[in-house]
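Chain residues, written in single-letter form:
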Amino acid sequence: PLDGGMLFPQESSFREVKELNGLWDFRADGSPNRNEGFEKAWYKRRLTETGPVIEMPVPASYNDITQDPTLRDFIGWVWYEREVFVPARWISDEGTRVVLRVGSAHYYSIVWVNGEKVTEHEGGHLPFEAEISSLIRKEPTKPCRITIAVNNTLTLETLPPGTIQYMNDSSRYPDGFFVQNIDFDFFNYAGIHRSVLLYTTPKVHVDDISVETNFMDNTGLVRYKVSVQGGFNNTLNITLMDKDGHFVASSTGSSGGLKVVDVKLWWPYLMHENPGYLYSMKVHLIAVSETSTYEDEYTLPVGIRTINVTNTQFLINNKPFYFHGVNKHEDSDIRGRGFDWPLIVKDFNLMKWLGVNSFRTSHYPYAEEILQMCDRHGIVVIDECPGVGIKDIRSFRNASLSHHLVVMDELVRRDKNHPSVVMWSVANEPASEMPPAEFYFKTLIEHTKALDQTRPVTYVTIAAADMDKGGPYVDVVCANSYFAWYFDQGRLDIIPLQLSTHFENWYRKYQRPIIQSEYGADAVPGLHMDPPMMFTEEYQNALLQSYHDVFDQKRNQYFVGELIWNFADFMTSQGIYRVVGNKKGIFTRQRQPKAAAFLLRKRYWRLANETG
Ligand code: GCB
């Protein structure tokens, strides 16, 4: 259904990458009908010629960059623009294909180059691109002007969904006053969140690669498929090399298998002294046409491993895997959801300090660079799509479902080759007790399984087993619960009974392995009280401890993992339940430990020794 592949841009002898990160011109369209940019066709001239601009860093959310509350809470179109020189040889060589790629922008984007529209894309968190070769060749000596308009308005058909509510009482609200209502618990950060790149490939090029891996005894098997764009007399040479660059196996043609003797499997961190083992699969293309020859090369890291699920276990390489990990957000001070290497590396160091072997990309796909790190470090990922906050019955309608299916197409296309990704999560805490949820989740899960036959599929539920309409379709039950927090507030003593009952009900009904995909309590760092009270560090610790006692009872039965909510404090919309954001982090938003971080660290390293 999707047009072509979405390989991560990479440099090789035949490909170049140019990053367009830095300061862009920026303007939010605050006109009364929020549409002046289109009415006046801002993309036709330089943005600086149609009104005032400010400097805006890319990548970053725009919300927390200025002192202006209107921009922080802005809903509507914002405009980004920058000019860039395209290397002359990219222009003169007709055999070079130039692509403009946006790693992600939230939520709806339209892109122009020199005033001509080149693409539009719906949805944050996933990349989109456009070939601009012929456009830049029209005016070869001029810098190329890239304009990107981004709109963060959410509707019942977007993922995540939201609604706009106009306040019509003119005695209480000014004309045109509206609010965006959302049913998810994180700030709706917006803007260009990941790198903008120009990259080249040869005109005839490797467009997509898929691998599936398996092994038997000591022999690994990599089945691959390569698709090529253009050409007619194409020769594909595939070479697999080990970590040290030594030849392992080779093949020719657009699909086939590579046999790996004495295979070194991809193992999760802590299960093996040599985690995250990656081979390199070099795909080399020579295409000969009547007039020219094209050559291309793309190297894909490949981890050889298998995933299987039984009634009671989650198996990696046929060994039971126990998830002891975290839920995260792409979230930090000032940059919001913007890609930031120092933050990413710090988070990996903190995860290793904790003894984390896995995380869920709550509640949207994370940057590809993060998944690449997980591949290399052997950290296991539950890859979640932005299907969060589906609470309104109107969000189960066909238009919403159709878009949700496309998002899964895009997610699987982007992430299918990562060994670290072991399961897809199609949603978080939908209103899965509503009757239309059954058809919705049956369709969504079947669709995802058809896209990828090698990974289990789930969605994360908050419903009880006897209420959940999607329960029959998931491979693993991922259940969230907040006993002694949102219910029975302050009553830590009810946790053992309620949590055990909850698990038993799920297991009895579906005989599927269960993961505690969220649990936790807010703690304001520095607040202390004994006996514990809600919001203190002691209460957070005591709540986690009670949950852990139940986990340990069920661990040898059907219980296969625990993911704390949350790794770090994160920003939310304003409201009476949130004191400058969600404080369920075991680290603060600045990544300093609360008492709970030490509790979990002790537990996770113990689990690492007991279960791997
Ligand atoms: C949940 C949601 C998560 C929230 C969390 C909370 O169930 O999945 O997005 O942040 O609870 O703290 O309320």
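Residues numbered from 1 in each chain as written. Predicted model: local features only at pLDDT ≥ 70, side-chain atom pairs only at ≥ 80, totals over all residues. Heavy atoms only, no water.

Caption draft 1: Region of the structure containing the overall build of the chain. Along the backbone of the chain there are eleven helices and 32 strands. The C-alpha atoms of the chain give 25 Å as radius of gyration, which agrees with the globular expectation for 612 residues (25 Å, within 12%). Based on the C-alpha atoms only, the size of the chain along its principal axes is roughly 75 × 75 × 45 Å. For the chain, the residues scored as buried account for 58% of the 612 residues in total. In the chain, the share of contacts with a sequence separation of at least 24, taken over all contacts with a separation of at least 6, comes to 72%. (Helix = DSSP H or I, 4+ residues; strand = E, 2+ residues; numbered from the N terminus. Rg over C-alpha atoms; globule rule 2.2 N^0.38 Å. Buried < 20%, exposed > 50% of the residue type's maximum accessible area, 1.4 Å probe, protein only. Contact = heavy atoms within 4.5 Å.)

Caption draft 2: Looking closely at the pattern of salt bridges. Counted by the stated rule, this structure contains 38 salt bridges. A salt bridge links Lys 142 to Glu 139, with the shortest nitrogen-to-oxygen separation between them at 3.0 Å. Under the relative-accessibility criterion, Lys 142 is labelled partly exposed at 49%. Salt bridges here are not isolated pairs; linked through shared partners, they connect Asp 552, Arg 555, Glu 562, Arg 603, Arg 606 and Glu 610. (Salt bridge = Lys/Arg side-chain N within 4 Å of Asp/Glu carboxyl O.)

Caption draft 3: Highlighting the sheet that holds strand S7 (residues 108-113). Ordered in space as S3-S2-S4-S10-S7-S8, the six strands form an open sheet in which the pairing is antiparallel. If you trace the sheet from one side to the other, it starts and ends with strand S3 (54-58) and strand S8 (116-122), each paired once. Each strand axis lies, on average, 30° off the axis of its neighbour in the sheet, ignoring direction. (Pairing = 2+ DSSP bridges. Axes fitted to C-alpha atoms, helices over the stretch in contact; angles between N-to-C directions.)

Caption draft 4: Quick look at the site of the ligand. Lining the immediate surroundings of the ligand are 13 residues, of which Asp 185, Glu 429, Tyr 486, Glu 518 and Lys 584 lie closest. One of the side-chain nitrogen or oxygen atoms of Glu 429 is found 2.3 Å away from an oxygen atom of the ligand. Note that an oxygen atom of the ligand is positioned 2.4 Å from one of the side-chain N or O atoms of Tyr 486. In isolation the ligand exposes 320 Å². Once the protein is present, 92% of that is buried. Partitioning the shell around the ligand into residue classes produces four nonpolar, four polar and five charged. (Near = heavy atom within 4 Å. Polar contact = N/O pair within 3.5 Å; in protein donor to acceptor, adjacent residues only side chain to side chain. Areas by Shrake-Rupley, 256 points an atom, 1.4 Å probe, with all protein chains shown as cover. Nonpolar A, V, L, I, M, F, W, Y, C, P; charged D, E, K, R; others polar.)

Caption draft 5: Summary view of the packing of aromatic side chains. Following the criterion strictly, the structure yields 42 aromatic pairs and no others. An angle of 50° between the planes, with centres 5.5 Å apart, marks the rings of Tyr 364 and Tyr 366 as tilted. Judged by relative accessible area, Tyr 364 falls into the buried class, the value being 1%. Each ring, one from Phe 551 and one from Phe 559, has its centre 4.8 Å from the other, and the planes form 20°; the classification is stacked. Phe 551 gets classed as buried once you look at its relative accessible area, which sits at 0%. An aromatic cluster is defined as three or more aromatic residues linked by ring pairs; in this entry it consists of Phe 38, Trp 42, Tyr 43, Trp 77, Trp 79, Tyr 108 and Trp 112. Over the ring of Trp 42 we find Arg 27; its NZ or CZ atom is 4.4 Å from the centre of that ring. (Phe/Tyr/Trp six-rings, centres within 6.5 Å; stacked < 30°, edge-to-face > 60°. Lys NZ or Arg CZ within 6 Å of the ring centre and 35° of its normal.)

Caption draft 6: Main features of empty space enclosed by the protein. Across all of its chains, the model carries five cavities of 30 Å³ or more by this definition. Space inside the largest cavity adds up to approximately 140 Å³. Lining of the largest cavity is provided by 16 residues; of these, Lys 328, Glu 330, Leu 343, Ile 344 and Ile 370 occupy positions nearest its centre. Considering each element in turn, the lining of the largest cavity owes the most residues, five residues, to helix H5 (residues 341-354). Residues belonging to the lining of the largest cavity are distributed by class as follows: eight nonpolar, two polar and six charged. For the second largest cavity, the calculated volume is near 90 Å³. In this structure, the second largest cavity is lined by Gly 5, Met 6, Leu 7, Pro 9, Arg 15, Arg 97, Glu 129, Tyr 199, Thr 201, His 205, Val 206 and Asp 207. Mapped onto the domain boundaries, the lining of the second largest cavity takes at least three residues apiece from domain 1 (17-152 + 188-200) and domain 2 (204-302). (1 Å grid on protein atoms, 1.4 Å probe; cavity = no way out; pocket = protein on both sides within 12 Å on 5 of 7 lines; lining within 4 Å. Points joined across faces, edges and corners; volume = space filled by probe spheres on them. Domains from an automatic or database assignment.)

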